[in-house]
Amino acid sequence: MSDILLVDDEKSVRLTISLFLKKKGYSVEEAANGDEALEKLKTRSFDLVITDLKMKPINGMEVLQQTKKLNPMMEVLVMTAFGTVESGVEAMRLGAYDYIQKPFEKDEFLMIVDKALERKKLLTEVAQLHDDLQDKYRFENIIGKSNEMLDVFAMVSKVATTSSTVLISGESGTGKELIARAIHVNSRRKNRSFITINCGALPENLQESELFGHVRGAFTGAIKDKRGLFQEANGGTLFLDEVGETSLPTQVKLLRFLQDGEIRRVGDNEPIFTDVRLLAATNQDLTRLIKESRFREDLYYRLNVIPIHIPPLRQRRDDIPLLADHFLQKFTERTKKKINSISPDAIKILTGYDWPGNVRELENVVERAIILTNKTVITPEDLPETIRHCEIPYIDETCEADFGDRTLERLEEQHILSTLERYSWNQKKASEILGISTTTLWRKLKTYGIEAKRKEE
Ligand SMILES: Nc1ncnc2c1ncn2[C@@H]1O[C@H](COP(=O)(O)OP(=O)(O)OP(=O)(O)O)[C@@H](O)[C@H]1O
Ligand SMILES: [Mg+2]
């Protein structure tokens, strides 16, 4: 049975909601104010905390933040007063699952509560599945054994069966589309269409009509009615690639769809209901676009219900040999060449390289090597000059002169890595050399995702 903590300083509200939830089979504990809530949260955990926002002296935002601090897996639903959408969005920014405006319909409330609990269950199972996946190096045709990819796989297999919207983020070539397809193929919608639209490739003025369709005469050139991709994808999945490139009017329409499942064709006020699962991907930092007023914050939270981040290849170097071998198999089969393996020193070079183009770049390099070689083993000579040039960039001092087009952050990351390598991962020694405290070093390792690597070595 799901455990809910209900926080509201109005007794009548508390009683009504808790009675209702108990009738629906939930176990509900009540707190009459923020203090009482925090006391209870310290002694035990709940699946869901439902809190009013306006309370004294500790308000709902504080309850939300403390809950997330104590246990990020606990979901929080905030209740806002009528007409205060901003505080609801702010709460989502701080990690709330969702917000609901008072007064609300019981059915709507129950639906949100159920969804929040479903997500809590899902995240708990994902953590479990991660462990189960440990000795399996592939998921569908997606290769990876790094902790980061195991997390991704666990998430994919869990979210696939739900109807949640998923936002997949990651640099170019990390496999976002592959992951989106895997979600579709593992879902109940697998026999229905999977439609992809690259929002970045469409001029802004065509986005709306492409996605939502239009009626005849809606604009110059609209000579007949046109169905949009939402209608084409009905019953299936719609994958919005480069969602950060959508125009603001398109974003408004997407938001409306996510809120009430309805779309409107351009030039038509009649709502159309479509049953579409939305998956979105971005290689941009959407929070930055929000700051620049190029992306709606409310849409971001609706899309980001389940975030899946695919880390760049250089942050999961363990996957490189595995991927290289996978592509070797793939292309030797295709070209019918007899190439058995990649030599250890070639693997070493591949593992040390930074892969700005991520998996796609690695795939191309392996393909090129197979085409060019006339040996049965791929050796360093078969690799492009640029990659061979810098064997293991972070320990090869001779490479220091070539900083190329790297950001300061990348240089810092590499310098930290090379120092750690030089001193056999002795963090105390390395921090002395770098002139920073061990805490600062530790923090930087976390930021750059170097921590995981250290543990494995
Ligand atoms: N983990 C993986 N295992 C096997 N192949 C992979 C993996 N990740 C990516 N690929 C391959 O790398 C190529 C790029 O993947 P994909 O197109 O999904 O990347 P993307 O993140 O959508 O890139 P972009 O942002 O440029 O659109 C594809 O050929 C894909 O099959
Ligand atoms: Mg893509």
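Here the residue numbers are simple positions, counted from 1 along each chain's written sequence. As a convention, the first chain written is A and the first ligand written is 1, with the rest following in written order. With the structure being a predicted model, the display of local features is reserved for residues of pLDDT at least 70 and the display and counting of side-chain atom pairs for 80 or more, all residues being used for whole-chain, interface and lining totals.

Participant: Would you take a moment to explain the overall build of the protein chain for this structure?
Facilitator: For the protein chain, the count of helices and strands is 20 helices and 16 strands. A principal-axis box enclosing the C-alpha atoms of the protein chain has dimensions of 75 × 65 × 40 Å. Taken across its 457 residues, the protein chain has 33% of its residues classed as buried. What counts as a contact here is a pair of residues whose C-beta atoms, placed from the backbone, lie within 7 Å. A separation of at least 24 residues holds for 66% of the contacts in the protein chain among residues at least 6 apart in sequence. Think of it this way: any DSSP run of H or I at least four residues long counts as a helix, any run of E at least two long counts as a strand, and we number them from the N terminus. Counting other C-beta atoms within 10 Å of each residue's C-beta, where C-beta atoms are placed from the backbone, gives the exposure class: buried for 20 or more, exposed for 12 or fewer, partly exposed between.

Participant: What exactly am I supposed to notice about the pairing of strand β2 (residues 27-31) here?
Facilitator: Walk down a regular strand and you will see the side chains alternate between the two sheet faces. We call two strands paired when DSSP finds no fewer than two bridges between them. Bridge analysis of strand β1 (residues 3-7) against β2 gives five bridges, and the strand direction is parallel. Paired with L5 across the strands is E29, a residue of β2. Once the chain exits β1 it traverses helix α1 (residues 11-23) before rejoining the sheet at β2, and the crossover so formed is right-handed. Viewed with both strands pointing away, a crossover whose connecting path from the first strand over the helix to the second turns clockwise is right-handed.

Participant: Could you clarify how one ought to interpret the sheet that holds strand β9 (residues 194-198) in this entry?
Facilitator: Pairing between the strands of a sheet is mediated by backbone hydrogen bonds and can be parallel or antiparallel. Pairing is parallel in the open sheet, where five strands are placed in the order β9-β10-β13-β8-β14. Two strands bound the open sheet, and with one partner strand each, they are β9 and β14 (306-309). Ignoring which end each strand starts from, the neighbouring axes of this sheet average 20° apart. Two elements, strand β10 (residues 237-241) and strand β13 (residues 277-282), share four bridges in a ladder whose sense is parallel. If you follow F239 over to β13, its bridge partner there is L279. Orientation is described by axes fitted as lines to C-alpha atoms, over the contacting stretch for helices, and by angles from 0 to 180 degrees between their N-to-C directions.

Participant: Can you help me understand the domain arrangement of the protein chain in this one?
Facilitator: By a widely used convention, the size of an interface equals the accessible area lost when the partners come together. With domains assigned, the protein chain is organised as domain 1 (3-115), domain 2 (133-311), domain 3 (314-388) and domain 4 (402-456). Bear in mind that the domain bounds are from an automatic or database domain assignment. Taking only C-alpha atoms into account, the centre of domain 1 sits 30 Å from that of domain 2.

Participant: For this particular structure, what's the right way to read unusual backbone geometry?
Facilitator: Trans peptide bonds make up most of the peptide bonds, and negative phi angles are found at most residues other than glycine. Between K56 and P57 the backbone carries a cis peptide bond, its omega angle lying at -5°. Along the chain, P57 falls in the loop between β3 (48-52) and α3 (60-70). Note the cis peptide between K102 and P103, where omega equals -5°. Take P103: it is sitting in the loop between β5 (98-101) and α5 (106-132). One non-glycine residue, E242, adopts positive backbone phi at about 50°. C-beta crowding within 10 Å serves as the criterion here: with 19 such atoms nearby, E242 is assigned to the partly exposed category. With phi around 60°, S293 is a residue other than glycine that occupies positive phi space.

Participant: What should I look at first to understand the site of ligand 1 in this one?
Facilitator: Throughout this description, a residue near a molecule or strand is one whose C-beta atom, derived from the backbone, lies within 6 Å of it. Close contacts around ligand 1 come from 17 residues, with S172, G175, K176, E177 and V359 the closest. Sorting the residues of the shell around ligand 1 by element identifies β7 (142-143), α7 (176-185), α13 (319-335) and α15 (358-372) as the ones contributing at least two each. Gly is put with the polar residues, along with every residue not named as nonpolar or charged; the nonpolar set is Ala, Val, Leu, Ile, Met, Phe, Trp, Tyr, Cys and Pro, and the charged set is Asp, Glu, Lys and Arg. Residue composition of the shell around ligand 1, by class: five nonpolar, eight polar and four charged. Shared between two domains, the shell around ligand 1 takes at least three residues from each, and those domains are domain 2 (133-311) and domain 3 (314-388).

Participant: Looking at this structure, how should I read the environment of I308?
Facilitator: With respect to the element layout, I308 can be found in strand β14. The class of I308 is buried, set by 20 C-beta atoms lying within 10 Å. Between the C-alpha atom of I308 and that of D151, which follows or precedes it by 157 residues, the distance is 8.9 Å. Apart from the residues lying within four places of it in its own chain, the contact partners of I308 are V152, M155, V166, I168 and I179.

Participant: Quick question: what am I supposed to make of the nonpolar core here?
Facilitator: If you look at soluble globular proteins, the nonpolar side chains tend to sit buried side by side. Core analysis: the biggest nonpolar cluster contains 73 residues, and I4, V49, L77, V78, A96, I168 and I179 have the highest contact counts within it. Top element by residues in this core is helix α6 (residues 147-160). It accounts for eight residues. Built from parts of two domains, this core gets at least three residues from each of domain 1 (3-115) and domain 2 (133-311). Apart from residues no more than four positions distant in its own chain, I179 is found in contact with V152, V156, I168, I308 and I310. To form a nonpolar core, buried Ala, Val, Leu, Ile, Met, Phe, Trp, Tyr and Cys residues must be joined through C-beta atoms within 7 Å.

Participant: Quick question: what am I supposed to make of the packing of α13 against helix α14 (residues 344-352) here?
Facilitator: Running from N to C, α13 and α14 cross one another at 120°; their axes reach a closest spacing of 9 Å. When the axes of α13 and α14 are compared, the pair comes out oblique. The handedness of the crossing between α13 and α14 comes out as right-handed. Along its contact with α13, which presents I320, P321 and A324, the element α14 presents I347, L350 and T351. A per-class count over the contact of α13 with α14 returns five nonpolar, one polar and no charged. Relative orientations are named as follows: roughly parallel for angles under 35 degrees, roughly antiparallel for angles over 145 degrees, roughly perpendicular for angles from 65 to 115 degrees, and oblique for any other angle. Handedness of a crossing is defined here by the sense of rotation of the near helix relative to the far one, left-handed for an anticlockwise turn of less than a right angle and right-handed for a clockwise turn.

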